[in-house]
Amino acid sequence: MSAHLTGLIDKLHTDRSLDKAEWAALIAGRTPELAEYLFALSRKERQRYYGRDVYIRGLIEFTNYCKNDCFYCGIRKSNWNVHRYRLTEEEILSCCQAGYALGFRTFVLQGGEDGYFTDARMVHIIRAIKELCPNCALTLSIGEKPYDSYKAYFDAGADRYLLRHETYDPCHYKALHPPSLSASVRQQCLWDLKDIGYQVGTGFMVGSPGQTPEHLAGDMIFIRQLDPQMVGIGPFIPHHDTPFAREKAGALDLTLFMLGLLRLMLPRILLPATTALGTIVDGGRELGILAGANVVMPNLSPSDVRKDYNLYDNKLYTGIESAERRKGLEDRMAAIGYKVVTARGDSLNTSNE
Ligand code: SAH
């Protein structure tokens, strides 16, 4: 094992930061042995702050209409093969109610950028959810909005917002998105969300087409600067009806390595073991937990629409609609020494306060 690279991990562990060249060298030079060295430290940090608890978030994918045309995404607007759906407010509330009974205390409303859900409609839904489950946290993940819209949702009771920056480098961002979208606007949204007082989550895809270790280095430096409460990362996975249909998926080892690095850089963050990670390999989410992750986000969407929220091929559709399924998740986490808990699971990275 390279002493130079273990030295960089030790430096990250003590300083919580590296410079761009150091990040890139560490990421490019990773080996299975180096990864084990990293994970031993990242697990220790995770356990220091969060013990062996695994927080669960009930994910409700409430619309797959989207006005955007991101090259990687299966529900991009120019994919005519998607069967489009929207849940009604009533359906969303019944997902929350069912989730509450199963021990979920955080709900994540995720969707495409769907003009049907105006600010007024969103505010109505947010208020209704908070009325139904006042002791739960509500997370939104509905893309780029003007400051005032974010503010209106926050004032209505939304607690958290997930908006992955996707990739920090503006040229790489351009290579993944249509000309109407830009890295700087996306990043400004994150600063706006922070300013308003949300617990903010950002993140990126690992192994997206054209991504280099230098790009990932830029992502790490941006994330440290933003100092978010959560970071969601997962491998890029091609979708057959997108311009990236023939691109290679992101690698498991790189995704796990980035999880470990994130845990060392910002030890108090919430770090999900994502669905995409569970999709590229059986047991991927367990490996994510063992690399330093502490959150899983099972699907609470009604089972008949799950297959239509198809961001990438072979996406896991298993939800958690029953107590048996929750038990199944508990068993899988228990098998690796971790414990699913019923809690809001707020971030300990509380730079907002
Ligand atoms: N419209 C919302 C939600 C997007 S979907 C928004 O703009 O934030 C949530 C995340 O799925 C995206 O941020 C992206 O990082 C990820 N995603 C989309 N397509 C993907 C693919 N093909 N492979 C892996 N992840 C993908």
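Residues numbered from 1 in each chain as written. Predicted model: local features only at pLDDT ≥ 70, side-chain atom pairs only at ≥ 80, totals over all residues. Heavy atoms only, no water.

Peer 1: Run through the nonpolar core, naming residues and quoting values.
Peer 2: Leu109, Tyr153, Tyr198, Met258 and Leu261 are the most contacted members of the largest nonpolar core, which totals 100 residues. Considering every element that reaches this core, the biggest residue donor is helix H10 (residues 252–265), with 9 residues. Residues in contact with leucine 109, not counting those within four places in the same chain, are Ile60, Phe62, Ile92, Met122, Ile125, Ile129, Leu138, Thr139, Leu140, Ser141 and Ile142. Among the nonpolar cores identified, the runner-up in size contains 10 residues, and Tyr50, Leu59, Val108 and Val341 belong to it. (Core = buried A, V, L, I, M, F, W, Y, C linked by side-chain atoms within 4.5 Å. Buried < 20%, exposed > 50% of the residue type's maximum accessible area, 1.4 Å probe, protein only. Helix = DSSP H or I, 4+ residues; strand = E, 2+ residues; numbered from the N terminus. Contact = heavy atoms within 4.5 Å.)

Peer 1: Run through the site of the ligand, naming residues and quoting values.
Peer 2: Every one of the 18 residues lining the ligand counts as a neighbour, but Tyr72, Gly111, Arg164, Glu166 and Ile237 are closest to it. Take tyrosine 72: an N or O atom from its main chain is 2.9 Å from a nitrogen atom of the ligand. Note that an oxygen atom of the ligand is positioned 3.1 Å from one of the side-chain N or O atoms of arginine 186. When the ligand is considered free in solution it has 560 Å² of accessible area, and contact with the protein chains removes 91% of it. For the shell around the ligand, the class distribution of residues is 10 nonpolar, 5 polar and 3 charged. (Near = heavy atom within 4 Å. Polar contact = N/O pair within 3.5 Å; in protein donor to acceptor, adjacent residues only side chain to side chain. Areas by Shrake-Rupley, 256 points an atom, 1.4 Å probe, with all protein chains shown as cover. Nonpolar A, V, L, I, M, F, W, Y, C, P; charged D, E, K, R; others polar.)

Peer 1: Pulling in residues and values, what's your account of the packing of helix H1 (residues 3–15) against H10?
Peer 2: Here H1 crosses H10 at 40°, and the two axes come no closer than 8 Å. By the angle between their directions, the pair H1 and H10 is classed as oblique. For the pair formed by H1 and H10, the contact residues are Ile9, Leu12 and His13 on the first element and Leu261, Leu264 and Met265 on the second. In terms of residue class, the contact of H1 with H10 is made up of 5 nonpolar, 1 polar and no charged. (Axes fitted to C-alpha atoms, helices over the stretch in contact; angles between N-to-C directions. Parallel < 35°, antiparallel > 145°, perpendicular 65-115°, else oblique.)

Peer 1: Talk me through unusual backbone geometry; I want residue IDs and the actual numbers.
Peer 2: Within the chain, arginine 16 stands out as a residue other than glycine whose phi angle is a positive 65°. With respect to the helices, strands and loops of the structure, arginine 16 is situated in the loop between H1 and helix H2 (20–28). Unlike most non-glycine residues, asparagine 314 shows phi in positive territory, near 60°. Overall, the relative accessible area of 67% leaves asparagine 314 in the exposed class.

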